[in-house]
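Structural description and commentary
One letter stands for each residue in the lines below.
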Amino acid sequence: MDVSEPASISSGIATRYATAVFDLAKEGKKLPALEADCDALESALSDSDDFVTLISSPVLSRDEQSNAVTAIAKAMKLSPIVSNTLGLMAEKRRLFVLPQLITALRTRIADEKGEVTAEVTAAKKLTKAQADALAKTLKASVGKDVIVNVAVDESLIGGLIVKMGSKMIDTSISSKLANLQNAMKEVG
């Protein structure tokens, strides 16, 4: 069984919705509102286990999901484009792709603004100055503004792992130690 197939299906569904929502927002000059809606939805997904359960539960009926998501959209004051899309997704039993939809929308918005996002994993929390210096260095490399999202993983010991699109730079000490260990195995 191909494990990547469900992820691929979800990604495809999310991409189609993201294309439609983005095009509507761009046409109506509502991209700032769309970006704010993405922030609000992403925050709701990270802060509320109930919201995550709502979008992923196969037990809830279409009507229950639709009514709940309509009430949530109204309470969050989401734009009509996003509110209607969430309602449609509930009707079609597609709310489970909401995290991928947000990611796809963020990518399109960043492309429109001429920005690139770098996912950075560091051994310890970066200071504001360090993050700004990293963003400046990456901007010089790619020629676009770079938004740096930093996660901390102490198992790296030191250094960084930077992922931008399909590129990855791994300067972590744990990676260098693993490479050294592999090199020593090959010698002996």
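The paragraphs below set out a description of the structure included in this document. (Residues numbered from 1 in each chain as written. Predicted model: local features only at pLDDT ≥ 70, side-chain atom pairs only at ≥ 80, totals over all residues. Heavy atoms only, no water.)

**Examining the overall build of the protein**
Counting secondary structure elements, the protein contains eight helices and four strands. From first element to last, N terminus to C terminus, the protein shows the α and β order α-α-α-α-α-α-β-α-β-β-β-α. Along the first, second and third principal axes, the C-alpha set of the protein runs to 65 × 40 × 25 Å. When the 188 residues of the protein are sorted by exposure, 32% land in the buried category. (Helix = DSSP H or I, 4+ residues; strand = E, 2+ residues; numbered from the N terminus. Buried < 20%, exposed > 50% of the residue type's maximum accessible area, 1.4 Å probe, protein only.)

**Digging into the pairing of strand β2 (residues 145–152)**
Judged from the eight bridges that link them, strand β1 (residues 115–122) and β2 form a sheet pairing that is parallel. Its bridge partner lying in β2, Glu115 is registered against Asp145. What joins β1 to β2 is helix α7 (residues 128–142), and the crossover it makes is right-handed. (Pairing = 2+ DSSP bridges. Right-handed = clockwise from strand over helix to strand, strands pointing away.)

**Let's talk about a nonpolar patch on the surface**
On the surface, Ile157, Ile173, Leu177, Leu180 and Met184 cluster together into a nonpolar patch covering about 500 Å² of accessible area. With respect to the helices, strands and loops of the structure, Ile173 is situated in helix α8 (residues 173–187). On the accessibility criterion, Ile173 (37% relative accessible area) is partly exposed. (Patch = residues over 30% accessible without salt bridge, like charges linked within 9 Å, V, L, I, M, F, W, Y side chains within 5 Å. Areas by Shrake-Rupley, 256 points an atom, 1.4 Å probe, with all protein chains shown as cover. Salt bridge = Lys/Arg side-chain N within 4 Å of Asp/Glu carboxyl O.)

Read these as layout, nothing more, since geometry by itself doesn't imply function.
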